[in-house]
Amino acid sequence: MESEKIPGFLALPHNVTRHRAIIVIHEWWGLSEWVKEQTEKFAANRYIALAMDLYEGKVTTDPSIARKLKRRLRQEQTLGELKAAFDYLASRPEVDPKHIGSLGWSMGGGFAVQFAIHEPRLAACVVNYGPLPTDIADIQKINAPVLGISGSLDRGFRLDKVRGFGASMNAAGKRVDIRIYDGAGHGFENPANQTAYRPAAAADAWLYTLEFLRRSEC
């Protein structure tokens, strides 16, 4: 990403044939080692995976610091950085530009679906317990199939809103898949969230995500 002046973590598959690609967007903690591990797992599944670093090197485990870092982000600028990441991946000779998706967790999930609203070329979008759009005009702009993963105990994003997004997508003729894990709360996929982590649900969510991306031809 040096030519685009956007820091990130790029993970490549072992072979150099033509590949699908995915833009990975971190939680409000920043580009942590766990996010890098997930990016490498995508590469192991034959994706060219680019994890964005929206905080430019800053990583924290302190919620108060994370909140300040998140507040400094401006959506227009962040979407511009995601667009630059998409264009960068699409320009790589080993990437199939028709098969580039976005995925994020929490804050990053929100940006992943906002990017789907603004980038008609996106092949798929995965939102892991992130804010979902409610504006019908925004939903109408989404071309990519969207997977929304949530926990039934998530206090930040109520199930009625998650299901409402699914209903609105269906009503608009959009492709959507909503998967809700019983007994899981916000951040249940990340082992760093010691009280929220649910290993069985996290493992299933990972496998379901890979299957969704395959079904979406991403």
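Undergrad: Explanation requested: the nonpolar core in the structure shown.
TA: Side chains of a nonpolar character, in soluble globular proteins, are inclined to be buried together. In this structure, Ile-23, Leu-54, Leu-82, Leu-89 and Cys-125 are the most contacted members of the largest nonpolar core, which totals 36 residues. Sorting the residues of this core by element identifies strand 2 (19–25), strand 3 (47–52), helix 3 (75–91), strand 4 (95–105), helix 4 (107–118), strand 5 (124–128) and helix 6 (159–171) as the ones contributing at least two each. Counting 28 residues, the second largest nonpolar core, distinct from the first, contains Trp-105, Tyr-129, Leu-147 and Phe-188.

Undergrad: Please explain the side chain of Glu-189 as it appears in this structure.
TA: Counting through the fold element by element, Glu-189 comes out in the loop between strand 7 (176–181) and helix 7 (199–215). Apart from the residues within four sequence positions on either side, Glu-189 is in contact with Trp-34, Trp-105, Asn-128, Tyr-129, Ile-149, Tyr-197, Ala-202 and Ala-205.

Undergrad: It is not clear to me how unusual backbone geometry should be interpreted in this structure. Could you clarify?
TA: If a residue is not glycine, its phi is most likely negative; likewise, a peptide bond is most likely trans. Here the phi dihedral of Ser-106 falls at roughly 55 degrees; this positive angle occurs in a residue that is not glycine. Among the structural elements, Ser-106 can be located in the loop between strand 4 and helix 4.

Undergrad: Help me understand the pairing of strand 7, please; the structure alone is not making it clear to me.
TA: Sheet analysis places strand 6 (residues 146–151) next to strand 7, joined by 6 bridges and oriented parallel. Across the sheet, the residue bridging to Gly-148 is Ile-178, located in strand 7.

Undergrad: Got a minute to help me understand the environment of Phe-86 in this structure?
TA: Looking at the secondary structure, you find Phe-86 in helix 3. Residue Phe-86 is classed as buried on the basis of its relative accessible area of 0%. Apart from residues no more than four positions distant in its own chain, Phe-86 is found in contact with Ile-23, Pro-97, Ile-100, Phe-115, Glu-119, Arg-121 and Leu-122.

Undergrad: Got a minute to help me understand the packing of aromatic side chains in this structure?
TA: In this description, a pair of aromatic rings is defined by centroid distance and the angle of the planes. Counted according to the given criterion, the structure contains 7 aromatic pairs. Each ring, one from Phe-42 and one from Tyr-47, has its centre 5.8 Å from the other, and the planes form 85 degrees; the classification is edge-to-face. Residue classification places Phe-42 among the buried residues on the basis of a relative accessible area of 0%. The interplanar angle of 55 degrees and the centroid separation of 5.5 Å between the aromatic rings of Tyr-129 and Phe-188 together place this pair among those described as tilted. Remark: Phe-188 occurs in the loop between strand 7 and helix 7 and Tyr-129 occurs in the loop between strand 5 and helix 5 (136–141); sequence separation between them is 59 residues. By relative accessible area, Tyr-129 is classed as buried at 1%. For Phe-188, a relative accessible area of 0% puts it in the buried group. One cation-aromatic arrangement involves Lys-41 over Trp-206; the distance from NZ or CZ to the ring centre is 4.2 Å. If you follow Arg-179 out to its NZ or CZ, it ends over the ring of Tyr-208, 3.9 Å from the centre.

The rules behind the values
Starting afresh in each chain, residues are numbered from 1 along the sequence in its written order. Per-residue local features are limited, in this predicted model, to residues with pLDDT of at least 70; the limit for side-chain atom pairs, both in listing and counting, is 80 or more; totals at the level of whole chains, interfaces and linings are taken over all residues. No hydrogens and no water enter the side-chain calculation; it runs on all heavy atoms of the structure. Within this scheme, the nonpolar core is defined by two criteria: the residues are buried Ala, Val, Leu, Ile, Met, Phe, Trp, Tyr or Cys, and they are joined through side-chain atoms within 4.5 Å. Between buried and exposed lies partly exposed: a residue is buried under 20% and exposed over 50% of the maximum accessible area for its type, with that area taken using a 1.4 Å probe on protein chains only. Only DSSP runs of H or I with at least four residues qualify as helices, and only runs of E with at least two residues qualify as strands; both kinds are numbered from the N terminus onward. Should any heavy atoms of two residues lie within 4.5 Å, those residues are counted as being in contact. Between any two strands, at least two bridges found by DSSP are needed for them to pair. Each aromatic pair joins two rings of Phe, Tyr and Trp (for Trp, the six-membered one) with centres within 6.5 Å, and gets the label stacked for planes under 30 degrees apart, edge-to-face for over 60, and tilted for any other angle. Working rule: Lys NZ or Arg CZ, within 6 Å of ring centre, within 35 degrees of ring normal, means a charge sits over the ring.

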